[in-house]
Amino acid sequence: MNFLAGETIYVDKPYGWTSFDVVKRIRGVMLRRLGIKKMKVGHAGTLDPLATGVMIIVSGKSTKLIEQLQGGVKEYVAEIALGATTPSYDLETEVDARYPTEHITRERVEEVLSTFTGRIEQVPPSFSACKVDGKRAYKIARKGDAVELKPKVLVIDEIELLAYTQESITIRVVCSKGTYIRALARDIGAALDSGGHLTALRRTRVGDVTIDRCLSLDAAVAMLREVEIETEADDEADATDATDATDATIGGGATAENSISE
């Protein structure tokens, strides 16, 4: 492998890790193998700390592919609790309101899910990496201040109901870049005349990269420590042209600007 010329590694992000932390771990191993202090390592799309699944990690000159890789269709499996909401629309914050669920039937869920396919408008979560007047929305929300975000147009190709009870549902979602599954959980709960928040999320595909092609983080680190590597002096200049990273720990759809770390 040639880390500076460019490599692509598929990782199954573990629960509780930020996307930035995964990149930092991979980058650290590469730097130690090469005996250098700087190089570009990035990822093609943020996953929330409470989510798991497909992360595409790129190094060296392959970081130029991030924008292209981010554009791939994404697939998720999501568990949504019904009858309750949280400010972050997931388990990061405590339940702030409860609603009835006795009226929610499987047929009604199927009917509601069908209304979310195609081109839709979605208001991102207040606890997200979206910027408001130059500040990250989640930093404003964590202070208890109100956050107003404009709806974004996105495409949901498929929604499939995998499991149903009156208190929770599990769905498979195939969608475009920039879709917030937490916001989808919120909107599905509201459409059911109840409440909803995300309790588990797993990204199972990005473009052509499926979860079965991914290594665990520990396996990826072990592989990088043992694999035969090449070094090219001409590539060292590229290693110093790195972009500072922003730890977008909340929200999805990282841009090339905040998904490359030095």
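Think of each chain on its own: its residues are numbered from 1, step by step along the sequence as written. Only residues with pLDDT of at least 70 are given local features in this predicted model, and only at 80 or more are side-chain atom pairs given and counted; all residues enter the totals for whole chains, interfaces and linings. Hydrogens and water molecules were not included; the side-chain quantities draw on all heavy atoms of the structure.

### Some thoughts on the pairing of strand β10 (residues 152–164)
- Between any two strands, pairing holds if DSSP finds at least two bridges. Only DSSP runs of H or I covering at least 4 residues are called helices, and only runs of E covering at least 2 are called strands; the numbering of each starts at the N terminus. Taken together, the 5 bridges between strand β7 (residues 118–122) and β10 define a ladder with antiparallel strand orientation. Bridge pairing in β10 places Gly118 opposite Ile156.
- For β10 and strand β11 (residues 168–175), the ladder comprises 7 bridges, and the chain directions are antiparallel. Along β11, the bridge assignment pairs Glu158 with Val174.
- Here β10 hands over to β11 after 3 residues, the two strands then running antiparallel side by side.

### Topic: the environment of Ile56
- Inspection of the secondary structure puts Ile56 in strand β3 (residues 51–59).
- Setting aside residues up to four positions removed in sequence, Ile56 forms contacts with Thr8, Ile9, Tyr10, Gly42, His43, Ala44, Leu69, Val206 and Val209. Residue contacts are counted whenever heavy atoms from the two residues lie within 4.5 Å of one another.

### A short note on the pairing of strand β12 (residues 196–206)
- Pairing analysis gives 3 bridges linking β3 to β12, with the strands arranged parallel. Across the sheet, the residue bridging to Gly53 is Arg203, located in β12.
- The pairing of strand β4 (residues 74–82) with β12 spans 9 bridges and is classified as antiparallel. Within the sheet, the bridge partner assigned to Ala78 lies in β12 and is Leu201.
- The pairing of β12 with strand β13 (residues 209–210) spans 2 bridges and is antiparallel. For Val206, the partnering residue across the bridge sits in β13 and is Val209.

### What about the pattern of salt bridges?
- Note on definitions: salt bridges are taken to be side-chain nitrogens of Lys or Arg within 4 Å of carboxyl oxygens of Asp or Glu. Enumeration according to the criterion identifies 8 salt bridges in this entry.
- Between Asp90 and Arg182 there is a salt bridge; the shortest N-O distance is 4.0 Å. Here Asp90 is found in the loop between β5 (84–85) and β6 (97–98), whereas its partner Arg182 is found in helix α5 (residues 181–191), with 92 residues between them in sequence.
- Relative accessibility decides the category of a residue: with a 1.4 Å probe and only protein chains considered, values under 20% of the type maximum give buried, values over 50% give exposed, and everything between is partly exposed. Judged by relative accessible area, which is 7%, Asp90 ranks as buried.
- In this structure Arg182 comes out as buried when scored by relative accessible area, which is 2%.
- The structure contains a network of salt bridges with shared partners spanning Glu75, Glu158, Glu160 and Arg172.

### A closer look at the packing of helix α1 (residues 19–34) against helix α6 (residues 217–226)
- One way to put it is that α1 packs onto α6 with a least axis distance of 9 Å and a crossing angle of 15°. Viewed along their axes, α1 and α6 adopt a mutual orientation that is roughly parallel. Classified by chirality, the crossing of α6 by α1 is right-handed. Contact residues: Val22, Arg25, Ile26, Val29, Met30 and Arg33 in α1; Leu217, Asp218, Ala220, Val221, Leu224, Arg225 and Glu226 in α6.
- Class assignment of the residues belonging to the contact of α1 with α6 gives a composition of 8 nonpolar, no polar and 5 charged. Inter-axis angles, ranging from 0 to 180 degrees, are taken between N-to-C directions of lines fitted to C-alpha atoms, where helices are fitted over the stretch in contact. Small angles under 35 degrees read as roughly parallel and large ones over 145 as roughly antiparallel, with 65 to 115 read as roughly perpendicular and the rest as oblique. Working rule for handedness: look at the near helix, and if it is turned counterclockwise from the far one by less than a right angle, call the crossing left-handed; if clockwise, right-handed. Note on residue classes: Ala, Val, Leu, Ile, Met, Phe, Trp, Tyr, Cys and Pro are nonpolar, Asp, Glu, Lys and Arg are charged, and everything else, Gly too, is polar.

It is worth stressing that arrangement in space is one thing and function is another; only the former is reported here.
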